[in-house]
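What follows is each chain in one-letter form.
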Amino acid sequence: MSLESSESSKDQPLKPQLENFSYDDAIVKKFLIMTLVWGAVALLVGVVIAVQLADWRFNFGLPWITFGRLRPLHTNAAIFAFAGNAIFAGIYYSTQRLLKTRMASDLLSQIHFWGWQAIIVAAALTLPLGYTVGKEYAELELPIKLAITVVWVVFAVNYFKTLLQRRERHIYVAIWFYIATIITVALLHVINSINLPVSFWKSYPVYAGVQDALVQWWYGHNAVAFFLTTPFLGLMYYFLPKAAGLPVYSYRLSIVHFWSLVFIYIWAGPHHLLYSTLPEWAQTLGMIFSVMLWAPSWGGMVNGLLTLRGAWHRVRTEPILKFFVAGLTFYGMATFEGPLLSVKSVSAIAHYTDWIIAHVHGGTLGWNGFLIFAMIYWLVPKLWKTELYSVKLAHVHFWTAFLGTLIYTVSMWTAGITQGLMWRAVDPSGHLVYPDFIETVIKIIPLYFLRAIGGFLYLGSFFLMLYNIVKTIAKAPKTKAPDVVSAYRLTPVALSNLSQLGDRPHRILEGLPAVFSVLTLIAVIVGTVIELIPVFLGNQHVAASSSLKPYTGLELHGRDIYVREGCYVCHSQMIRPILSETMRYGEYSREQESIYDHPFQWGSKRIGPDLARLGGKYPDLWHYRHMLDPREVTPGSLMPAYPWLYRDKTDFRAIPKKLKVMKSLGVPYTEMDLAQAEADALSHAKKIADRLISQGVPATVQNQEIIALIAYLQRLGEDFKKGLIQ
Amino acid sequence: MGSNDHKNLDNEDKQKIDQKTNKENQVLHTYDGIGELDHSLPAWWINGFYLNIIFALGYFFYYIMGDGPSLLKEYQKEKNEYEYAQALKKDSSKGASEEELRAFLKEPSRIQAGLQIFQTRCVVCHGAQGQGGIGPNLTDDYWIHGGKMTEILAVVVNGVPEKGMAPWGGILKLDEIYSVVTFIKSLRGTHPPNPKEPQGLLVKE
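Residues numbered from 1 in each chain as written. Chains lettered and ligands numbered in written order. Predicted model: local features only at pLDDT ≥ 70, side-chain atom pairs only at ≥ 80, totals over all residues. Heavy atoms only, no water.

A.B. asks: Would you take a moment to explain the overall build of chain B for this structure?
C.D. replies: Counting its secondary structure elements, chain B contains nine helices and four strands. Beginning at the N terminus, the succession of helices and strands in chain B can be written as α-α-β-β-α-α-α-α-α-β-α-α-β. In chain B, buried positions account for 34% of the 205 residues. Partitioning the contacts of chain B with sequence separation of at least 6, the portion at a separation of at least 24 is 59%. (Helix = DSSP H or I, 4+ residues; strand = E, 2+ residues; numbered from the N terminus. Buried < 20%, exposed > 50% of the residue type's maximum accessible area, 1.4 Å probe, protein only. Contact = heavy atoms within 4.5 Å.)

A.B. asks: Teacher, can you tell me more about the pattern of salt bridges here?
C.D. replies: Where charged atoms of side chains with opposite charge meet at close range, the side chains can pair. Under the criterion given, the structure shown has 39 salt bridges over all chains. The partner of R559 of chain A in a salt bridge is D597 of chain A, with the nearest N and O atoms 3.5 Å apart. You can see R559 of chain A sitting in helix α21 (residues 553-564) and its partner D597 of chain A sitting in the loop between α22 (579-585) and α23 (620-628), a full 38 residues away along the chain. As far as burial versus exposure is concerned, R559 of chain A and D597 of chain A are alike and both buried. Residue E98 of chain B is joined to R102 of chain B by a salt bridge in which the shortest nitrogen-to-oxygen separation is 3.6 Å. Here the residue E98 of chain B and the residue R102 of chain B both occupy positions in helix α5 (residues 98-104), the gap between them amounting to four residues, near one helical turn. For R102 of chain B, a relative accessible area of 33% puts it in the partly exposed group. (Salt bridge = Lys/Arg side-chain N within 4 Å of Asp/Glu carboxyl O.)

A.B. asks: Quick question: what am I supposed to make of the interface of chain A and chain B here?
C.D. replies: Interface size is commonly expressed as the accessible surface area that is lost when the partners come together. In this assembly, 65 residues from chain A lie in contact with 47 residues from chain B. When chain A packs against chain B, close to 5,100 Å² is buried across both sides, 65% of that on carbon and sulfur atoms. Of all residues in chain A, R252, H431 and L579 of chain A bury the most surface against chain B, accounting for 12% of the area lost on that side. Between the two partners, chain A and chain B, sit five salt bridges. Put simply, R504 of chain A and D38 of chain B hold a salt bridge, and the shortest N to O gap is 2.7 Å. Joining chain A to chain B, the criterion identifies 19 residue pairs in polar contact (both at pLDDT 80 or more). Looking at the side of chain A that touches chain B, the elements that each hand over two or more residues are α3 (67-99), α8 (230-244), α9 (251-265), α10 (280-292), α11 (294-307), α19 (505-510), α22 and α23 of chain A. (Buried area = accessible area lost by both parts, 1.4 Å probe. Polar contact = N/O pair within 3.5 Å; in protein donor to acceptor, adjacent residues only side chain to side chain.)

A.B. asks: Would you mind showing me how to read the packing of α9 of chain A against α11 of chain A here?
C.D. replies: Angle between the axes and distance between the axes are the two parameters that describe a pair of packed helices. All names here are of chain A. With their axes 8 Å apart at the nearest point, α9 and α11 run at an angle of 145 degrees to one another. Here α9 and α11 pass one another in a crossing that is left-handed. Together, L253, S254, H257, S260, L261 and I264 of α9 and P296, S297, G299, G300, V302 and N303 of α11 make up the contact between the two elements. Along the lines of polarity and charge, the residues of the contact of α9 with α11 split into five nonpolar, seven polar and no charged. (Axes fitted to C-alpha atoms, helices over the stretch in contact; angles between N-to-C directions. Left-handed = near helix turned anticlockwise from the far one by under 90°. Nonpolar A, V, L, I, M, F, W, Y, C, P; charged D, E, K, R; others polar.)

A.B. asks: Mind showing me how you'd approach the domain arrangement of chain A here?
C.D. replies: Residue and element names in this part refer to chain A. For chain A, the domain assignment lists domain 1 (23-527) and domain 2 (553-721). The straight-line distance from the C-alpha centre of domain 1 to that of domain 2 is 35 Å. On the domain 2 side, the residues contacting the 64 residues of domain 1 number 55 residues. Between domain 1 and domain 2, roughly 4,800 Å² of surface is buried when both sides are summed, and carbon and sulfur atoms account for 64% of that area. At the boundary of domain 1 and domain 2, one finds three salt bridges. (Domains from an automatic or database assignment.)

A.B. asks: Please explain the pairing of strand β1 (residues 18-21) of chain A as it appears in this structure.
C.D. replies: On a regular strand, each side chain points to the face opposite its neighbour's, so the side chains alternate between the two faces of the sheet. Residues and elements named next belong to chain A. Residues of β1 alternate between two faces, with E19 and F21 buried on one and L18 and N20 left unburied on the opposite face. Pairing of β1 with strand β4 (residues 485-488) involves four bridges; the strand directions are antiparallel. What sits directly across from L18, in β4, is Y488. (Pairing = 2+ DSSP bridges.)

A.B. asks: When you look at the packing of helix α7 (residues 209-227) of chain A against α8 of chain A in this model, what are you seeing that I'm missing?
C.D. replies: Residue and element names in this part refer to chain A. Look at α7 against α8: their axes get within 4 Å of each other, and the N-to-C directions meet at 10 degrees. Here α7 lies roughly parallel to α8, going by the angle between them. Counting all contacts with α7, which are made through A225, F226 and F227, the residues of α8 involved are T230, P231 and F232. The residue makeup of the contact of α7 with α8, split by class, is five nonpolar, one polar and no charged. (Parallel < 35°, antiparallel > 145°, perpendicular 65-115°, else oblique.)

A.B. asks: Explain the pairing of strand β2 (residues 195-199) of chain A to me, please; I cannot follow it from the model alone.
C.D. replies: Residues and elements named next belong to chain A. Judged from the four bridges that link them, β2 and strand β3 (residues 202-205) form a sheet pairing that is antiparallel. Residue P197 lies in a different strand from β3, and its bridge partner there is S203. In sequence, β2 turns back onto β3 through a hairpin of two residues.

A.B. asks: Can you help me understand α10 of chain A in this one?
C.D. replies: Given 3.6 residues per turn, any residue in an α-helix points the same way as the ones three and four places further on. Residues and elements named next belong to chain A. Helix length check: α10 (13 residues) gives 18 Å between terminal C-alpha atoms against 18 Å at 1.5 Å per residue, within 8%. With 11 of 13 residues buried, α10 lies mostly within the body of the structure. Looking only at α10, the buried set comprises A282, Q283, T284, L285, G286, M287, I288, F289, S290, V291 and M292. (Expected span 1.5 Å × (residues − 1).)

A.B. asks: Whenever I open this one, the confidence of the model for chain A confuses me. Can you help?
C.D. replies: Detail in the predicted coordinates should be disregarded across regions flagged by low pLDDT. Residues and elements named next belong to chain A. Overall, the prediction assigns chain A a mean pLDDT of 93, with 97% of residues at 70 or greater. Helix α4 (residues 106-129) holds the highest mean pLDDT among the elements of chain A, 98, whereas helix α1 (residues 5-8) holds the lowest, 44. Counting contacts from residues 1-13, a segment whose pLDDT is below 50, to residues more than four positions away or on other chains yields 26 contacts. (pLDDT = per-residue confidence, 0-100.)

A.B. asks: Any chance you could explain the packing of aromatic side chains here in plain terms?
C.D. replies: Any pair of aromatic rings gets described here by the distance separating the centres and the angle formed by the planes. In total, this model carries 73 aromatic pairs over all chains according to the counting rule given. For the pair Y172 of chain A and Y31 of chain B, a centre-to-centre distance of 5.0 Å together with 40 degrees between the ring planes defines the contact as tilted. Taken together, the residues Y172 of chain A in the loop between α5 (142-164) and α6 (173-191) and Y31 of chain B in strand β1 (residues 29-31) connect one chain to another. On the basis of relative accessibility, which here comes to 1%, the residue Y31 of chain B falls in the buried class. Following the ring pairs from residue to residue traces out a cluster consisting of F31, F80, F88, Y92, F113, W114, W116, W152, F155, Y159, F160 and F227 of chain A. Directly above the ring of Y93 of chain A sits R97 of chain A, whose terminal nitrogen or CZ lies 3.7 Å from the centroid. Taking NZ or CZ as reference, R590 of chain A lies 3.9 Å from the ring centre of Y588 of chain A, over its face. (Phe/Tyr/Trp six-rings, centres within 6.5 Å; stacked < 30°, edge-to-face > 60°. Lys NZ or Arg CZ within 6 Å of the ring centre and 35° of its normal.)

A.B. asks: Help me understand unusual backbone geometry, please; the structure alone is not making it clear to me.
C.D. replies: Note: most residues except glycine have negative phi, and most peptide bonds are trans. Residue and element names in this part refer to chain A. That bond from H598 to P599 is cis: its omega, -5 degrees, falls within 30 degrees of zero. Within the chain, K100 stands out as a residue other than glycine whose phi angle is a positive 50 degrees. Structurally, K100 is set in the loop between α3 and α4. Notably, Y275 is not glycine yet its phi reads approximately 65 degrees, a positive angle. Along the polypeptide, Y275 turns up in the loop between α9 and α10.

Written out as structure tokens, the structure is:
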């Protein structure tokens, strides 16, 4: 393998040569401004959905703002738009300075910026319209997924070219974290995006059931790791010592916690699938690697906080340091809580409850948000060459945001633990104490109100910052000329003389970014291969070996409606082998049951009850009434009403193509099934409709989407109940 | 760490410590004005890390390589114990007889209790006055599963899951079920408005 090309090219003069250049700060400003814009959007949508859970009427009976469609918009906007733009702003600013060079290509930077914004706009339009793959944080449909891949590659190419053109011999720890981010996000995104299209805006993942679940949570967990953790640690390592004017506490700690973090994180995904039908060895790996992750995570917090030792008195007066200290503390809390939640017996109580929501928001509001705010308050005056408009307002921002985060997390902890315990409560006579799920919902509604207040405070505090920043930029001088910087060009180092790069092995590695990147890639591939491959080779996990009847065309169509409406954000389809749970929902789920599920729909949150064995539990008429007005059959329900399913017509002509795509994914449909798909679906719909009509439902029901949805709901768990699965 | 130990150290040790802290406080590298110090790893941190690794290995070897019980095994054990305990209880409280159930009809408080349960659990399907809806009319003399109180008791306990009638035996306590059955029987001949058409067979009393 060739080393850094700039170092080995022949035509370089041997004497160091001083070069003048300037940094591209325009791109940083652009990303920064979009951070502010998307931050406001993401938080606003967050508050809206919080209010929707407190009071269902805020769904307004409108499809595009119903909870199931808005929640994915909130998560995607918060992660990829708000945090994403912030990361890019910070990376572009710090990388150029740490490498003493301008980004390799302004054009690529521009494509990255505009491409990313276009992707966000596309997401903001398609998610409310119901175009979704139905996998958390990976909801965006195929065309957008492809665009993300292209833009990420553009970013990566630009970044690695910049690394090669650097004028700093060694790469600083922040850059290590950026490299890990760029490589791993690419890997995660590509592997979790392999879908087969049915139409332009509809596709099915190639994986099904347990395999899809494993890939998804390998992705989902590491999106947290490599989108919300590693880049932020990189930002922390640059902006915190800068803002404090103090040296980083320990280089050694940086090395140990970087490599252990990157290596261990990738294994932890299965802790989202404890007690599921994922093979137990994989669950156990997920748990124990999560436990081992505690120290590497805390390494970053310790290094950050100890950097500030000696500057504690300044924390009182400098809002930037306040945000850093609180942010790192929230990071420490979240990364202690994470390993705890990964322990099987704790997961048994906490999984599917609001405890997880508390955990996530401790991380996002407390760590990501506060770090972004610290960075913005530091960067804006630097970039616009002025002073912050109001330090006092920044303090108010801090305390309001802090209070908001506290109210949010404490209310959700309480809700989660309360509900988790209610679900499990069994009285001495051997009965569930709260057999009606709705009792456990009504109990926590007041906490949903409280949470909305916390979110509202945080949003309000964000607008204080917005105002502060707008005022700051408005008073900035209008000079345009960029600063000229100068630095020596690097002289090449011969392969035979690597000791010139340093005396410790890791120091030498820091002088070889290409080698560094390859090692990082290897570090994340090890865990990936060891966990994913065996589950993929296991024959029992695949459709071809199954004799079960696949979904009928109408059921499949109903399933797509289920995915479109985001029912999976409130309902799980995975009954765990826990006694109180099987008493409530029936026998625990089996792997075979989701063998045809492209994508799997196990869910991660039970705002409503589990639906894995719903089929046959209620008559069709019950569902007909429930979906139209959940409160009519379950007083106190917070589930949205779905009146549009009673207006919109089933597109029967779309069904054959769906079966065809499923067949090519290995689902055993016969040629007959394909040939008669439309006719079969029509007669199936008629059967259900006739039953309903005989019970007094209007005769127009037959072509309505609700029929397809009912067909799907009534199929759930039927194979097991019929004894087709042991 | 005990800071008073420091006093007892002889000069040589003191020097060593000073050297160490000096070395740790030296800036190793600088990037864009950011210095890097070389403090050693905090002992509690690295030892905590080792402990977690040891725990992880132990857990792995016990549960995956060794004979630690799997989640399913543990579940099965818990379930067997539960079923055994339930079976014991059932034996000691055999279902009430027709006479015993009929006697309940004379207890207004029991009918009242049954009404409460009916209103929270059953009206969705059987209507507010038992006139029927998704489920059959419970006030007429037509019964799908028989009109004796023991028969009604059996339906309520075991349900008709394939028709959408839940087995309440797993949800309500036996005594609550007696009350709701008594209440249903007390509805006979009340003729609420908008009754559902008769289902099942006419039962004469």
